[in-house]
Amino acid sequence: MKQWKVYMILTGVMIVWGFNLATVKYMVEFVGPVTLTAFRILLAGVSVFVILAYFRMLRWPSRIDWKYILLGALLNVVSHHYFLSNALTLTTGTNAGLILGTGPMLTAVLVSLIMRNYPSRLQWLGVVIGLAGVIITVRVGSGPTSGMNIGDLFVFISILTQVLSYIVIANAAKNLDPRLMTGYMFITGSVVLFLISLVQEPGGMAAFAEVPPIFWLAFIFSAVLGTSVGHMLYNYSIGQAGPTKAAIFMNLNTLFSLVAAAIILNETILPGHLGGFVLIVIGVLFGSGAAEDLLNKRRKRFG
């Protein structure tokens, strides 16, 4: 039952992240991507500490914990968000979605190579099926993708650094609560991103004075729910289910991003997306190990 609770948490996070992506796309029309990301993550970090203080979960990390926090902040916050935020201005949504969909595959491969935690055959099958669903979903109605450009490379770097951070978080979870680690990573990473924004986007903060009122609702949703709560729950799930199983659920992010794009950005969902949806769900069930859990329970019950 505990595993199923983790699966439900991961599905909920993917729904929030899907809407968060469309929300961020809306906000970067008003504020520079790095400046926006720095302040969004800073608010997310503050929110994490407020939540953890309420539950009396705050503590000062040990020297070893800080090594994981700094490495995680560099990979999961600074590198991932820097390259992704800039990539959204340099490549198409189709290419970005397709490359982000390789996350579960990269996670499975890197975990196998680095942690020697080899996925089962059914999990590998789920990774492949889920990736196929992502490809179909992002390509329907979009035509062939264009050739690889610098924006596509930035997206790939962003997902690669995020996947590497999952391995760091999984190792840190042995001694440090991933939710607490999330807060320290956010605060540390936001400071670095702010320093980068001063160089890359001088005067970027002035743009906040000219945004419409609805922008602030989007900003609070993205920072508090999408980034703070979303990453706390996701990083917690990595500690519970492992990086490979947790990453499989990232395939659902593509589906919910399309739904959010239709609602927030008035984009069209075509009938062909249903085929991708079916493959994504199958991929999640097999790749996460949920299908194996069901089979094992069935064998115990009738065996």
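Here the residue numbers are simple positions, counted from 1 along each chain's written sequence. Residues qualify for local features only when their pLDDT is at least 70, as the model is predicted, and side-chain atom pairs are given and counted only at 80 or more; totals for whole chains, interfaces and linings, by contrast, use all residues. Derived side-chain values reflect all non-hydrogen atoms in the structure, with water molecules and hydrogen atoms excluded from consideration.

## Some words on the overall build of the protein
Note the following rule: A run of DSSP states H or I qualifies as a helix once it reaches four residues; a run of E qualifies as a strand once it reaches two. Both are numbered from the N-terminal end. To sort residues, take the accessible area from a 1.4 Å probe on protein chains only and compare it with the maximum for the residue type: under 20% means buried, over 50% means exposed, and anything in between is partly exposed. Working definition of accessibility: Shrake-Rupley area with a 1.4 Å probe, residue cover restricted to the visible protein chains.
Across its full length, the protein holds 13 helices and zero strands. Reading the protein from its N end, one meets helices and strands in the order α-α-α-α-α-α-α-α-α-α-α-α-α. Considering the protein as a whole, with its 303 residues, one finds that 49% of them fall into the buried category. For the protein, the computed accessible surface area is about 14,100 Å², with 69% contributed by carbon and sulfur atoms.

## A word on a nonpolar patch on the surface
Let me state the cut-off plainly: What makes a patch is a set of residues exposed beyond 30% relative accessible area and free of salt bridges, joined within 9 Å when like-charged and within 5 Å when nonpolar (Val, Leu, Ile, Met, Phe, Trp, Tyr). When a carboxyl oxygen of Asp or Glu lies within 4 Å of a side-chain nitrogen of Lys or Arg, that pair is called a salt bridge.
On the surface, Val191, Leu195, Leu198, Val199 and Met205 cluster together into a nonpolar patch covering about 480 Å² of accessible area. Looking at the secondary structure, you find Leu195 in helix H8 (residues 178-200).

## Re the environment of Gly133
Rules: Pairs of residues are marked as contacts when any of their non-hydrogen atoms sit within 4.5 Å.
Tracing the sequence through the fold places Gly133 in helix H6 (residues 121-139). Under the relative-accessibility criterion, Gly133 is labelled buried at 0%. Put simply, Gly133 and Leu252 are 119 residues apart on the chain and 9.6 Å apart in space, counted from C-alpha to C-alpha. Apart from the residues lying within four places of it in its own chain, the contact partners of Gly133 are Gly276, Leu279 and Ile280.

## Observations regarding the pattern of salt bridges
Overall, the coordinates contain two salt bridges when judged by the stated rule. The shortest N-O distance in the salt bridge between Asp65 and Arg59 comes to 3.2 Å. Measuring nitrogen to oxygen at the nearest pair gives 2.8 Å for the salt bridge that ties Asp177 to Arg179. Here Asp177 falls in the partly exposed class, since its relative accessible area comes to 25%.

## Concerning a positive patch on the surface
Quick note on the threshold: A residue counts as positive if it is Lys or Arg and as negative if it is Asp or Glu; His and the chain ends are not included. The atoms used to mark charge sites are NZ of Lys, CZ of Arg, CG of Asp and CD of Glu.
On the surface, a cluster of positive charge is made up of Lys297, Arg298, Lys300 and Arg301. Along the chain, Lys300 falls in helix H13 (residues 290-302).

## Considerations on helix H9 (residues 213-241)
Keep this limit in mind: To estimate how far a helix should reach, multiply one less than its number of residues by 1.5 Å. The bend reported for a residue corresponds to the angle between axes fitted to the seven residues ending at that residue and the seven starting there.
Between its terminal C-alpha atoms H9 stretches 40 Å, which fits the 42 Å expected from 29 residues at 1.5 Å a residue. Most pronounced at Ser222, the bend in H9 amounts to some 30°. The positive-phi residue at the C-terminal boundary of H9 is Gly242, with phi of around 95°.

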